[in-house]
Amino acid sequence: MGIIGMTKQGMIGQLLGAALNRAVGPIIALGRARAEAMAQRAITIAIGIAVGGVLAAIGVVFLLLAVTIYATPHLGPAGAAAATGGGALVVGLIVILAVTSRRRAPPPPPAASAGVDAVFAAASDLGRSVREKAEKVADSDAARTAKSSTAVGLALAALVAGIIVGLRG
């Protein structure tokens, strides 16, 4: 149907639809690009954490093996294995407690609103909220990692001190 057979409301509707598409299209494209960038960054971080975790686990196994070999002449094979396993158990429990100690309440549901201004305000609030949550997650991951590494270091120091005191006694 051409312009001649179209009613006045139909033309206005098409013009408004085209204008809205031109106005909202770049905003949607920008949001999609930002979401893809954030997803790619999250994937990169997850891969890095996984590789670091595997390497740390391998390091812990060799460290425990070295402690067991060192303590075997002094405590016997069973005593060295028990001391090393007990130390690893204590460190593991400390890490689990450090990770699970804080639980956050879920955020409240967004309020329903009507109108174009309300939609743009909600989209702006959502973007700000996502950015703030991402920053909090990054900060809490760094703090949790520092807290866990401090707890592991303290537990290992306590294990070594216990072995030294046990050897002198």
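Up top you'll find the structure we're talking about.
Quick caveat, the model's predicted, so the values are computed rather than measured. (Residues numbered from 1 in each chain as written. Predicted model: local features only at pLDDT ≥ 70, side-chain atom pairs only at ≥ 80, totals over all residues. Heavy atoms only, no water.)

Attention now moves to the overall build of the protein. What the protein contains, in helices and strands, is two helices and zero strands. The burial tally for the protein puts 9% of its 169 residues in the buried class. Of all intrachain contacts in the protein linking residues separated by at least 6 positions in sequence, the fraction that spans at least 24 positions is 70%. Counting every atom, the protein has about 13,000 Å² of accessible surface; 72% of that belongs to carbon and sulfur. (Helix = DSSP H or I, 4+ residues; strand = E, 2+ residues; numbered from the N terminus. Buried < 20%, exposed > 50% of the residue type's maximum accessible area, 1.4 Å probe, protein only. Contact = heavy atoms within 4.5 Å. Areas by Shrake-Rupley, 256 points an atom, 1.4 Å probe, with all protein chains shown as cover.)

Turning to the side chain of threonine 68, a few remarks are in order. Turning to its location among the elements, threonine 68 is positioned in helix H1 (residues 8–100). Filtering out sequence-adjacent residues up to four positions away, threonine 68 remains in contact with Ala80, Ala81 and Thr84.

Let's shift gears to a positive patch on the surface. Residues Arg102, Arg104, Lys133 and Lys136 make up a contiguous surface patch of positive charge. Looking at the element boundaries, arginine 102 is found in the loop between H1 and helix H2 (116–168). (Patch = residues over 30% accessible without salt bridge, like charges linked within 9 Å, V, L, I, M, F, W, Y side chains within 5 Å. Salt bridge = Lys/Arg side-chain N within 4 Å of Asp/Glu carboxyl O. Lys, Arg positive; Asp, Glu negative; His and termini not counted. Charge placed at Lys NZ, Arg CZ, Asp CG, Glu CD.)

Moving on to the side chain of threonine 84. In this structure, threonine 84 sits in helix H1. According to the relative accessible area criterion, threonine 84 is buried, its value standing at 5%. Polar contacts involving the side chain of threonine 84 include one to the side chain of threonine 68, which spans 2.9 Å. Contacts of threonine 84, omitting those with residues within four sequence positions, involve Leu64, Val67 and Thr68. (Polar contact = N/O pair within 3.5 Å; in protein donor to acceptor, adjacent residues only side chain to side chain.)

The next point concerns the environment of alanine 155. You can see alanine 155 is positioned in helix H2. Each C-alpha atom, one on alanine 155 and one on glycine 92, is 9.5 Å from the other, the two residues being 63 residues apart in sequence. With sequence-adjacent residues up to four places away left out, alanine 155 is seen in contact with Val91 and Ile94.

Once that is clear, we can look at a nonpolar patch on the surface. A cluster of nonpolar side chains, namely Ile43, Ile47, Val51, Val54, Leu55, Ile58, Phe62, Leu65 and Ile69, defines an oily patch on the protein surface of about 900 Å² accessible area. Counting through the fold element by element, isoleucine 69 comes out in helix H1. With relative accessibility at 57%, the residue isoleucine 69 sits in the exposed group.

Don't take any of this as a statement about function, it's just geometry.
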